[in-house]
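Summary of the model geometry
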Amino acid sequence: MAMAFATFNLSPSLRFVSNNKGFFDSQLSNSFLSSHLFLGTSSFSVPTLSFSTIHQTSRCPHINASPCSSTSFRCFAQKSPVDGLGSNGASERLVVLVIGGGGREHALCYALQRSPSCDAVFCAPGNAGISSSGNATCIPELDISDSSAVISFCRKWGVGLVVVGPEAPLVSGLANDLVKVGIPTFGPSAEAAALEGSKNFMKSICDKYGIPTAKYQTFSDASAAKQYIKEQGAPIVIKADGLAAGKGVIVAMALEEAYEAVDSMLVEGIFGSAGCRVIVEEFLEGEEASFFALVDGENAIPLESAQDHKRVGDGDTGPNTGGMGAYSPAPVLTEELQSLVMESIILPTVKGMSAEGCKFVGVLYAGLMIEKKSGLPKLIEYNVRFGDPECQVLMIRLESDLAKVLLAACRGELKGVSLNWSPGSAMVVVMASQGYPGSYEKGTVIRSLEEAENVAPCVKIFHAGTALDLDGNFVATGGRVLGVTAKGRDLKEARDRAYDAVEEIKWPGGFYRRDIGWRALPQSEFARNA
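Keep in mind that what you see is a predicted model, and the values were worked out from it rather than measured.

1. Quick look at the nonpolar core
Judged by nonpolar contacts, the single largest core of 81 residues is most densely connected at L97, I346 and I505. Tallying contributions element by element places helix α12 (residues 335-355) first for this core, with seven residues. Ignoring anything within four residues of it in the chain, the contact list for I505 reads M431, I446, R447, S448, L449, A452, I461, L482 and V484. Counting 47 residues, the second largest nonpolar core, distinct from the first, contains V98, I301, L303 and A409.

Here's what the structure looks like:
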């Protein structure tokens, strides 16, 4: 199968890439665009137009005949219709704005760019990798903390759907402001986002609506918290109530460690207002898994299963991170367990939030523990956005029209919708800056990314924290920097492709775990990276 793409070179500061649906640029000039381009139409005038066509040929014969490119895209899934969506949705053409600039947002842009109903994808602020890949037009100058600025941008460019990636804009009420002026927004209101913004709120919902979770108590006084810890014993879990960038959870294996965690949050205030209350929670033994569901306020549909690796070191050792890798599907989440999670955790939450007067619209990400002693799922925490790096393995496997599905969720029309997924498995290996999750150096040069994407079919590198230096080299700007993602007929093939690509990347300032997927694969599979 061959696919034709066109590159329009309009000016030294502007580059569009069209896939017969929309456009993407690497350096956007708002004033130029406003005077020369009309989004959502096929008619626009440009100076000094040059046109070239690039033919891209399939390289993935074993994965549902998905065509792959030899440059910026490694694998395009076949564009399948979304079951259950009406003819009105089928005829709509969308300009989409993605809010955020990390690996999750890159993966969302990648999936939206492939959506047949999507004319163009913007990403604010985006990052150098998103822009360079052609997956979206990045808008670094748009202040996403300023709702009025976001609204003005949406009106100017005819944005018909906003997808909010990170949790902070949701908790601060960006979705409220956009919905209020009639801009469809995939992401919960500030009130509903409290499921992630306050762990105490999430626990209270669990108590009220009978959702299985770990036993807990909430404290704002350090002495009272320590007394409770002493009574419960170790191991025990200490959590900051608010948002702490993925670092507010301490699994204390000894009492002294738990006491220190309480002091650091309640006395020393290392997380600021996010740690002014702590949740002291029962330690659950078992296997963690991630479960995602799209929610329209009343209905919910599950996504494919995924499992991530939170600890920084091989064998799940060392401190927690935002995630060092993930794979999909997760064998631990059997079909029976997925049905149980929907019935006992997701749907009661959706109905409970509706009953509380704050309907949830967006993606519910349930962090689960499949308990060793019972084999049953318990809710550890909720996130109100796509996980990172789980989003990367989900989006590379998704074959449905993501833009259309998310718009249906915004309209309360998810009932009867089903999603199509590529067969086989996907894996992402996160490459992070040396020192992460502690202090790390910024500005280290990363080379051979294009070579890495070419080592195997269906490899895609999602950028989480990169910029371009004056010489045009990618440099690291964050802790987690790259998500090297691959699909395969099974988990072993996906793993081999991902690690082959990782090993091609020249980045002395980075590191990665060598055992992603170890719970789902025999230990012998990891000998090559030992």
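More follows now that the structure is in view.
2. Here's the deal with the pattern of salt bridges
With the rule as written, the count across this model stands at 22 salt bridges. We note a salt bridge from K372 to E285, for which the minimum N-O separation is 3.7 Å. On the criterion of sequence distance, the pair formed by K372 in the loop between β19 (361-371) and β20 (377-383) and E285 in the loop between β12 (278-282) and β13 (286-296) is long-range, its members being 87 residues apart. Of the residues examined, K372 reaches a relative accessible area of 62% and is grouped as exposed. As a salt-bridge pair, R513 and D316 come within 2.9 Å of each other at their nearest N and O atoms.

3. Describing helix α5 (residues 147-157)
All buried positions along α5 are accounted for by S147, V150, I151, F153, C154 and W157. Here the buried residues of α5 occupy an arc of 160° about the axis, which is enough to place them on one side. Positive phi appears at G158, one or two residues downstream of α5, with a value of about 65°.

4. Observations concerning the sheet that holds strand β14 (residues 300-302)
Sheet strands pair by backbone hydrogen bonding; their relative direction is either parallel or antiparallel. Spatially, the four strands line up as an open sheet ordered β14-β13-β19-β20, and their pairing is antiparallel. Only two strands of the sheet have a single neighbouring strand rather than two, namely β14 and β20. The average undirected angle you get between the axes of adjacent strands in this sheet is 35°. Examined bridge by bridge, β13 and β19 share 11 bridges and lie antiparallel to one another. What sits directly across from V295, in β19, is G362. Most of the contacts of α12 go to β20, to which it runs at about 50°, and overall it touches β13, β14, β19 and β20.

5. A word on the sheet that holds β12
What the four strands build is an open sheet, ordered β9-β12-β10-β11; its pairing is antiparallel. Each edge of the open sheet carries a strand with a single partner, namely β9 (216-219) and β11 (249-252). Looking at each pair of strands side by side, their axes are set apart by 20° on average, direction ignored. Docked against the sheet, helix α10 (residues 222-232) engages β9, β10 (236-240) and β12, running at close to 160° with respect to β9. On the sheet, helix α11 (residues 255-267) packs against β9, β10, β11 and β12 and is oriented at approximately 10° with respect to β10.

6. Remarks on the confidence of the model for the protein
In this model, the protein carries a mean pLDDT of 84, and residues with pLDDT of at least 70 account for 81%. Ignoring residues within four places in sequence, the model shows residues 1-84, a span with pLDDT below 50, making 216 contacts including any to other chains. When the criterion is pLDDT under 50, residues 86-90 qualifies, and its contacts beyond four places in sequence or with other chains add up to two contacts.

7. Observations concerning the environment of V295
Within the secondary structure, V295 sits in strand β13. A residue is classified by how much of its surface remains accessible, and V295, at 0% relative accessible area, is buried. Sequence separation between V295 and A409 is 114 residues; the distance between their C-alpha atoms is 6.2 Å.

Here is what the cut-offs are and how they apply
Residues numbered from 1 in each chain as written. Predicted model: local features only at pLDDT ≥ 70, side-chain atom pairs only at ≥ 80, totals over all residues. Heavy atoms only, no water. Core = buried A, V, L, I, M, F, W, Y, C linked by side-chain atoms within 4.5 Å. Buried < 20%, exposed > 50% of the residue type's maximum accessible area, 1.4 Å probe, protein only. Helix = DSSP H or I, 4+ residues; strand = E, 2+ residues; numbered from the N terminus. Contact = heavy atoms within 4.5 Å. Salt bridge = Lys/Arg side-chain N within 4 Å of Asp/Glu carboxyl O. Arc of directions from axis to C-beta. Pairing = 2+ DSSP bridges. Axes fitted to C-alpha atoms, helices over the stretch in contact; angles between N-to-C directions. pLDDT = per-residue confidence, 0-100.

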